[in-house]
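Understanding the architecture of this molecule
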Amino acid sequence: MTFQEEIKQGIPEVLPGLKAYDENINHAPKRKDILSKEEKELAIRNALRYFDKKFHEVLAKEFAEELEKYGRIYMYRFRPSYKMFARPIQEYPGKCNQAKAIMHMIQNNLNEIVAQHPHELITYGGNGAVFQNWGQYLLTMQYLSDMTESQTLAMYSGHPMGLFPSHKNAPRVVVTNGMMIPNYSKQEDWEKYNALGVTQYGQMTAGSYMYIGPQGIVHGTTITVLNAGRKIAKHGENLAGKLFVTSGLGGMSGAQPKAGNIAGCITVCAEVNPKAVHTRHSQKWVDEVFVNLDDLVTRIKKAKENKEVVSIAYQGNAVELWEKLETENVYINLGSDQTSLHNPWAGGYYPVGLTFEESNKLMVDNPALFKEKVQESLRRQVDAINKHTAKGTYFFDYGNAFLLESSRAGAAIYKDSKGDFCNKETLSSLGEETERWAYHSYVQDIMGPMCFDYGFGPFRWVCTSTDPIDLEKTDKIACEVLEEIKKNSPNEIQQQMADNIQWIKGAQENNLVVGSQARILYADAEGRMKIAEAFNNAIKNGDITESIVLGRDHHDVSGTDSPFRETSNIYDGSQFTADMAIQNVIGDSFRGATWVSIHNGGGVGWGEVINGGFGMVLDGSIEAEKRLKSMLFWDVNNGIARRNWARNEGSTFAIKRAMEINPELKVTLPNKVDDSILHQLF
Ligand SMILES: NC(=O)c1ccc[n+]([C@@H]2O[C@H](COP(=O)([O-])OP(=O)(O)OC[C@H]3O[C@@H](n4cnc5c(N)ncnc54)[C@H](O)[C@@H]3O)[C@@H](O)[C@H]2O)c1
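Note on numbering: residues in each chain are counted from 1, in written sequence order. The model is predicted, so local features are restricted to residues of pLDDT at least 70 and side-chain atom pairs to those at 80 or more, both for listing and for counting; the totals for chains, interfaces and linings are taken over all residues. Only hydrogens and water are set aside; all other atoms, that is, all heavy atoms of the structure, feed into the side-chain values.

Comments concerning the overall build of the protein
- Secondary structure summary: the protein contains 24 helices and 20 strands in total.
- Computed over its C-alpha atoms, the radius of gyration of the protein comes to 25 Å, within 12% of the 26 Å expected for a compact globule of 682 residues.
- Each of the three principal axes of the protein carries a C-alpha extent, and together these read 70 × 60 × 55 Å.
- Accessible surface computed for the protein: about 27,200 Å², of which carbon and sulfur atoms make up 51%.
- The averaged location of the 84 negative side-chain charges in the protein is 1 Å from the averaged location of its 73 positive side-chain charges. Strands here are runs of E lasting at least two residues and helices are runs of H or I lasting at least four, both read from the DSSP assignment and numbered beginning at the N terminus. For this measure, only C-alpha atoms enter the radius of gyration; the expected value for a globule follows 2.2 Å times N^0.38, where N is the number of residues. Here the Shrake-Rupley method, with its probe set to 1.4 Å, supplies the accessible areas, and only the displayed protein chains count as covering residues. In this tally, Asp and Glu contribute negative charge and Lys and Arg positive charge; neither His nor the terminal groups of the chain are included. We put the charge of a Lys on NZ, of an Arg on CZ, of an Asp on CG and of a Glu on CD.

Regarding the environment of tyrosine 184
- One can find tyrosine 184 in the loop between β5 (173–177) and α6 (187–195).
- With a 1.4 Å probe rolled over the protein chains alone, any residue whose accessible area is under 20% of its type maximum counts as buried; one over 50% counts as exposed, and the rest are partly exposed. On the basis of relative accessibility, which here comes to 45%, the residue tyrosine 184 falls in the partly exposed class.
- Put simply, tyrosine 184 and glycine 607 are 423 residues apart on the chain and 8.6 Å apart in space, counted from C-alpha to C-alpha.
- Contacts are assigned to residue pairs that have any heavy atoms within 4.5 Å of one another. The residues contacting tyrosine 184, other than those within four sequence positions of it, are Asp189, Tyr193 and Trp606.

Concerning the site of the ligand
- Near is defined per residue: the residue qualifies when any heavy atom it owns lies within 4 Å of the molecule or strand. Neighbouring the ligand are 29 residues; Ser253, Glu271, Ser340, His342 and Arg565 lie closest to it.
- The definition of a polar contact used here is a pair of N or O atoms within 3.5 Å, where within protein one atom must be able to donate a hydrogen and the other to accept one, and adjacent residues in sequence count solely through side-chain atom pairs. The contact in question runs from an oxygen atom of the ligand to an N or O atom on the backbone of glycine 251, over 2.8 Å.
- In this structure, a nitrogen atom belonging to the ligand sits 3.3 Å away from a side-chain N or O atom of asparagine 317.
- With the chains in place, 96% of the 860 Å² that the ligand exposes on its own is no longer accessible.
- Its residues assigned to classes, the shell around the ligand shows nine nonpolar, 18 polar and two charged. Residues were grouped as follows: Ala, Val, Leu, Ile, Met, Phe, Trp, Tyr, Cys and Pro as nonpolar; Asp, Glu, Lys and Arg as charged; and all remaining residues, including Gly, as polar.

Structural notes on unusual backbone geometry
- We note that serine 157 has phi near 45°; this positive angle belongs to a residue other than glycine.
- By the secondary structure assignment, serine 157 is in the loop between β3 (151–156) and β4 (159–165).
- In the Ramachandran plot, lysine 307 falls in the positive-phi region, its phi being about 50° despite a non-glycine side chain.
- In this structure, lysine 307 sits in the loop between α10 (293–305) and β9 (310–315).

Quick look at the sheet that holds β9
- At least two bridges found by DSSP between two strands are what make those strands a pair. An order of β8-β9-β7-β6-β10-β11-β14 is seen for the seven strands of this open sheet, with the pairing classed as parallel. Two strands in the sheet have a free side with no partner beyond their single neighbour: β8 (288–290) and β14 (440–441).
- Where strand β11 (residues 394–397) and β14 come together, two bridges link them in parallel fashion. For aspartate 397, the partnering residue across the bridge sits in β14 and is serine 441.
- On top of the sheet, helix α7 (residues 215–232) reaches β6 (243–247), β10 (334–335) and β11; it is set at about 145° to β11, its chief contact.
- Angles shown run from 0 to 180 degrees and are taken between the N-to-C directions of axes, each axis being a line fitted to C-alpha atoms and, for helices, limited to the stretch in contact. Relative to the sheet, α10 contacts β6, β7 (266–271), β8 and β9, its axis offset from that of β9 by approximately 170°.

Some details on the pairing of β7
- Burial of β7 is extensive: six of the six residues sit out of reach of the surface.
- Pairing geometry for β6 and β7, over five bridges, is parallel. Looking at the pairing, serine 247 lines up with alanine 270 of β7.
- We call a crossover right-handed when, viewed with both strands directed away from the observer, the connection leading from the first strand over the helix to the second proceeds clockwise. Between the parallel pair β6 and β7, the chain is carried across by helix α8 (residues 255–263), and the sense of this crossover is right-handed.
- Inspection of the sheet shows β7 paired to β9 by six bridges, in the parallel sense. Pairing of isoleucine 266 across the sheet is with valine 310, part of β9.

Describing the pattern of salt bridges
- Basic side-chain nitrogens of Lys or Arg form a salt bridge, by our definition, when they fall within 4 Å of a carboxyl oxygen of Asp or Glu. Throughout the structure, instances matching the rule amount to 33 salt bridges.
- One salt bridge connects arginine 380 with glutamate 323, and the closest N-O pair in it is separated by 2.9 Å. Placement of arginine 380 in helix α14 (residues 367–390) and of glutamate 323 in helix α11 (residues 318–327) is noted, with a sequence separation of 57 residues between them.
- According to the relative accessible area criterion, glutamate 323 is partly exposed, its value standing at 25%.

Re the packing of helix α18 (residues 468–487) against helix α20 (residues 525–540)
- Interaxial distance between α18 and α20 falls to 9 Å at its minimum, and their mutual angle equals 140°. Taken together, the axes of α18 and α20 lie oblique to each other. Where α18 crosses over α20, the handedness of that crossing is right-handed. The residues of α20 that touch α18, namely those facing Thr474, Ile477, Ala478, Val481, Leu482 and Ile485, are Glu526, Gly527, Lys530, Ile531, Ala534, Phe535 and Ala538. Oblique is the label for any angle not under 35 degrees, not over 145, and not in the 65 to 115 range, which are roughly parallel, roughly antiparallel and roughly perpendicular in turn. Handedness of each helix crossing follows the sense of rotation of the near helix against the far helix: counterclockwise by less than a right angle gives left-handed, clockwise gives right-handed.

Overview of the packing of aromatic side chains
- Under the pairing criterion, centres of Phe, Tyr and Trp rings, with the six-membered ring standing for Trp, must be within 6.5 Å; the plane angle then separates stacked pairs below 30 degrees from edge-to-face pairs above 60, leaving the rest tilted. The full count for this structure, using the stated rule, is 29 aromatic pairs.
- When the centroid spacing of 5.3 Å and the interplanar angle of 15° are considered together, the rings of tyrosine 21 and tyrosine 70 count as stacked. Remark: tyrosine 70 occurs in helix α3 (residues 56–70) and tyrosine 21 occurs in the loop between α1 (3–9) and α2 (37–48); sequence separation between them is 49 residues.
- With relative accessibility at 14%, the residue tyrosine 70 sits in the buried group.
- Aromatic rings pair up to connect Phe244, Tyr394, Phe396, Tyr398 and Tyr442 into one cluster.
- Positioned over the ring face of tryptophan 285 is arginine 280, at 5.0 Å from the centre of the ring. Placement of a charge over a ring requires the Lys NZ or Arg CZ to be within 6 Å of the ring centre, with the centre-to-atom vector within 35 degrees of the ring normal.

A look at the pairing of strand β17 (residues 548–552)
- A large share of β17 lies buried, amounting to five of its five residues.
- Two elements, β17 and strand β20 (residues 610–618), share four bridges in a ladder whose sense is antiparallel. Within β20, the residue paired with leucine 550 across the bridge is methionine 616.

Concerning the state of the cysteines
- A pair of cysteine sulfur atoms is labelled a disulfide when the two atoms are within 2.5 Å. One pass over the structure, following the stated rule, counts zero disulfides.
- Between cysteine 269, a free cysteine, and cysteine 265, which holds the nearest cysteine sulfur, the sulfur-to-sulfur gap is 11 Å.
- Unpaired in terms of disulfides, cysteine 479 finds its nearest cysteine sulfur in cysteine 463, a separation of 15 Å.

Details of a nonpolar patch on the surface
- Here the term patch refers to residues with relative accessible area over 30% and no salt bridge, with like charges joined within 9 Å and nonpolar side chains (Val, Leu, Ile, Met, Phe, Trp, Tyr) within 5 Å. Together, Val673, Ile677, Leu678, Leu681 and Phe682 line one region of the surface with nonpolar side chains, adding up to about 590 Å² of accessible area.
- Mapped onto the elements of the fold, isoleucine 677 is located in helix α24 (residues 675–679).

As for the packing of α7 against helix α19 (residues 494–506)
- Contact geometry of α7 with α19 gives a least axis separation of 12 Å together with a crossing angle of 135°. Relative to α19, α7 is oriented oblique. Judged by the sense of rotation from one axis to the other, the crossing of α7 with α19 is right-handed. Facing Gln215, Val218, His219, Thr222, Ile223, Leu226, Asn227 and Arg230 of α7, the residues of α19 in contact are Gln495, Gln496, Asp499, Asn500 and Trp503.
- Class assignment for the residues of the contact of α7 with α19 results in four nonpolar, seven polar and two charged.

If you want it as structure tokens, here you go:
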């Protein structure tokens with residue numbers, strides 16, 4: 001059967017052979033056994049819905065085994081035998097280009113060189129799923145190959161509900177992931193309802209088919225480290241000879257050493273999983289590996305002396321690293337942590353004192369004890385970090401729920417009115433209750449005020465021809481557009497423009513493509529619209545051979561409501577609301593997006609965030625030009641308007657500029673109150 005025929009057949013009529021469990025693939029850890037006997041039966045009943053009755057007896061046993069062994073039903077048998085990667089768009093069967101582009105994106109998200117646990121359909125972040133099982137994948141691809149421009153596919157957490165009649169200008173796909181009734185949106189709810197097969201954690205770009213490999217994160221991390229460096233610079237000096245200590249060499253966290261090298265500092269990154277260390281070292285994303293802490297300290301001292309730009313992995317626990325650098329009195333300039341604390345009880349955080357294997361066993365055999373160990377470890381890690389920051393280290397939360405989980409663990413992550421570190425309990429016994437931790441998140445200090453408030457965010461594109469020459473042409477176009485805009489940009493955004501021009505100039509040389517021919521940069525509304533328009537023209541003229549998919553990370557100015565991350569620099573109380581993300585996706589959907597997505601969870605964890613995004617196919621047509629202008633203007637300015645309403649000054653500046661550019665935009669501006677008026681009231 002050809003690739004096209006396989007896609008078109010969907011769920012096969014003949015049962016495919018069993019697939020061997022490939023030990024060379026990075027598999028998802030076993031999930032917690034959380035279902036009761038009745039619930040397990042329900043999970044199997046749910047899974048069997050996808051298959052003809054004649055297969056039920058065989059499959060029921062097989063799925064029960066998967067459930068027992070892995071904690072989930074992945075339907076391994078149905079994983080296709082063809083190679084999984086983003087093919088040139090015209091190789092996909094189908095009736096419309098937009099649907100073919102979506103298939104291209106889906107296959108990229110499941111490509112073995114892109115995805116973290118490809119056989120469990122997890123793209124990144126430990127649990128960021130494209131689908132819950134292979135049955136859903138097969139059906140979705142079949143629907144996409146059958147879809148016309150007057151239909152829309154409704155995706156419910158990986159499950160394709162079906163094709164519904166719509167119209168040419170409607171999105172071709174509407175994706176929802178993990179949308180729960182709010183009272184059922186706790187971590188254990190995810191475990192349960194995901195095991196039942198009725199919901200999934202889509203992270204941000206996994207469940208919305210917009211992940212483009214590690215490049216996105218390299219860019220974001222480089223911008224973060226560079227700007228963190230600017231924050232601590234006393235005389236405008238760069239990061240040469242300065243030490244950045246962090247942890248995690250996984251899907252996103254693995255970008256830290258490479259970004260540290262681009263930003264020009266010494267990076268030391270702890271990682272407990274030898275496989276993850278090996279992957280990043282063999283990819284040359286981290287320069288050196290140490291397993292012995294004494295040797296590591298000697299190496300760091302030498303690197304500091306020589307002001308080397310070098311990245312070093314410590315194969316071991318982050319807590320040991322922080323403690324050792326304290327006892328050896330090694331000064332850390334920048335500190336962070338990127339373990340997966342959005343998923344602390346199921347393999348996101350490995351407690352100190354246990355080996356990697358011991359932890360993997362304990363989290364399944366005795367989840368309650370494992371939780372205690374994690375919390376104890378977090379308390380120790382925070383104590384060590386506090387000792388460093390007392391000496392001047394600038395520590396920031398890297399959007400992984402480090403502060404949140406540390407506070408829940410009873411760590412000394414608060415400061416009392418005298419400036420002493422303490423935990424929440426001590427703070428409340430002093431009658432000094434506060435929601436503010438001793439440290440800020442990277443969005444509060446860096447990304448929020450410097451980027452998001454001005455509309456700068458992670459704009460990305462994918463050349464569906466898969467031709468690297470097309471990508472090279474788009475890099476050149478984007479660079480020219482940004483350089484032109486920069487000539488007349490206000491001072492407030494000159495630094496961002498300069499950083500991104502430098503990034504795009506070095507993009508080819510930095511060899512960032514893994515998987516599809518994709519690129520990312522940070523741009524504001526004007527930049528995004530002008531770049532997109534120039535791409536559309538290049539397709540129209542035939543300079544670029546095939547359609548381009550536009551998109552972005554949900555981690556953006558408007559995409560995400562997340563009180564401890566994307567919207568952590570909002571201080572009017574609305575950081576605990578999710579209107580912006582919902583408004584954004586609804587607004588994108590009727591302004592021309594090819595697909596839209598809205599997710600619960602993503603980054604900081606289930607129940608902690610609502611995030612959304614879009615994909616848009618540019619095909620060189622007039623319609624595409626209209627859509628990009630209408631949708632991108634809204635997609636960015638929605639978030640700026642809200643940030644302005646929250647009294648963020650950068651956003652008030654940016655939205656006033658947007659109103660001048662487009663007089664049809666009329667946004668409510670906040671009136672500021674003098675503190676003296678408020679202080680007399682209570
Ligand atoms: N890079 C970014 O810009 C960014 C942005 C926002 C959020 N995040 C968050 O960062 C976290 C990490 O993402 P990821 O995709 O890399 O996840 P991941 O699970 O692939 O990687 C985390 C790594 O941390 C390691 N680890 C866990 N506990 C450890 C410990 N105590 N000591 C040393 N290593 C330990 C794990 O072995 C794993 O390899 C997530 O919570 C994600 O949401 C990253």
